[in-house]
Amino acid sequence: MHRANELGLVGAVSLAVAITAAMALVAEVVLSNWLAIVFGAAAALATCWLWLLQPIIDLRRQATANPPQTTHNEDSRAAVSRP
C-alpha cells in the first residue's frame, strides 16, 4: 500500500509537469515567450495549490476540528471486564 501511494504521487507530479509544459508550449506558439512563462507559472501555481496545499490545509482543519477521542479510561475497562 505504501509503494502504491508513492507511485501515485510520482504519477501526479508527472502529470502536473506535463500539464504545465503543455500550457507553456501552446502559449508560446500562439502568443509570445513572456506570456508562455506567465501561463506556465500560473498552471504550476494552480496545480500546487489545488493538488498539494489545499488538501494539506483541509486535513489540518479537519484534524483540529475533530480531535481523536480516547476511550481508555478506568470506567470503560471495568465495564468491559465484568462478567
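Everything here concerns the structure above.
A. Main features of the side chain of Thr20. Take Thr20: it is sitting in helix H1 (residues 2–30). According to the relative accessible area criterion, Thr20 is buried, its value standing at 18%. Looking at Thr20, its side chain comes within polar contact range of the main-chain oxygen of Ala16, at 2.9 Å. If we ignore the near neighbours within four places in the chain, the residues touching Thr20 are Gly40, Ala43 and Ala44.

B. Representation of the layout of surface pockets within the structure. Empty space within the largest pocket amounts to approximately 190 Å³. Those elements giving two or more residues to the lining of the largest pocket turn out to be H1 and helix H2 (33–65). The element best represented in the lining of the largest pocket is H1, accounting for six residues. Here the lining of the largest pocket is composed, by residue class, of nine nonpolar, two polar and no charged.

C. How the structure looks around H1. Given a rise of 1.5 Å per residue, 29 residues ought to cover 42 Å, and the 42 Å separating the end C-alpha atoms of H1 matches this to within 8%. Listed in full, the buried residues belonging to H1 are Ala16, Thr20 and Ala27. Buried-residue contacts for H1 involve H2.

D. The arrangement of the pattern of salt bridges in detail. This structure, assessed with the given rule, holds one salt bridge. The shortest N-O distance in the salt bridge between Glu6 and Arg3 comes to 3.5 Å. Of this pair, Glu6 and Arg3 both sit in helix H1, three residues apart, which is roughly one turn of the helix. Glu6 sits in the partly exposed class, given a relative accessible area of 32%. Of the residues examined, Arg3 reaches a relative accessible area of 56% and is grouped as exposed.

Definitions and cut-offs
- Residues numbered from 1 in each chain as written.
- Predicted model: local features only at pLDDT ≥ 70, side-chain atom pairs only at ≥ 80, totals over all residues.
- Heavy atoms only, no water.
- Helix = DSSP H or I, 4+ residues; strand = E, 2+ residues; numbered from the N terminus.
- Buried < 20%, exposed > 50% of the residue type's maximum accessible area, 1.4 Å probe, protein only.
- Polar contact = N/O pair within 3.5 Å; in protein donor to acceptor, adjacent residues only side chain to side chain.
- Contact = heavy atoms within 4.5 Å.
- 1 Å grid on protein atoms, 1.4 Å probe; cavity = no way out; pocket = protein on both sides within 12 Å on 5 of 7 lines; lining within 4 Å.
- Points joined across faces, edges and corners; volume = space filled by probe spheres on them.
- Nonpolar A, V, L, I, M, F, W, Y, C, P; charged D, E, K, R; others polar.
- Expected span 1.5 Å × (residues − 1).
- Salt bridge = Lys/Arg side-chain N within 4 Å of Asp/Glu carboxyl O.

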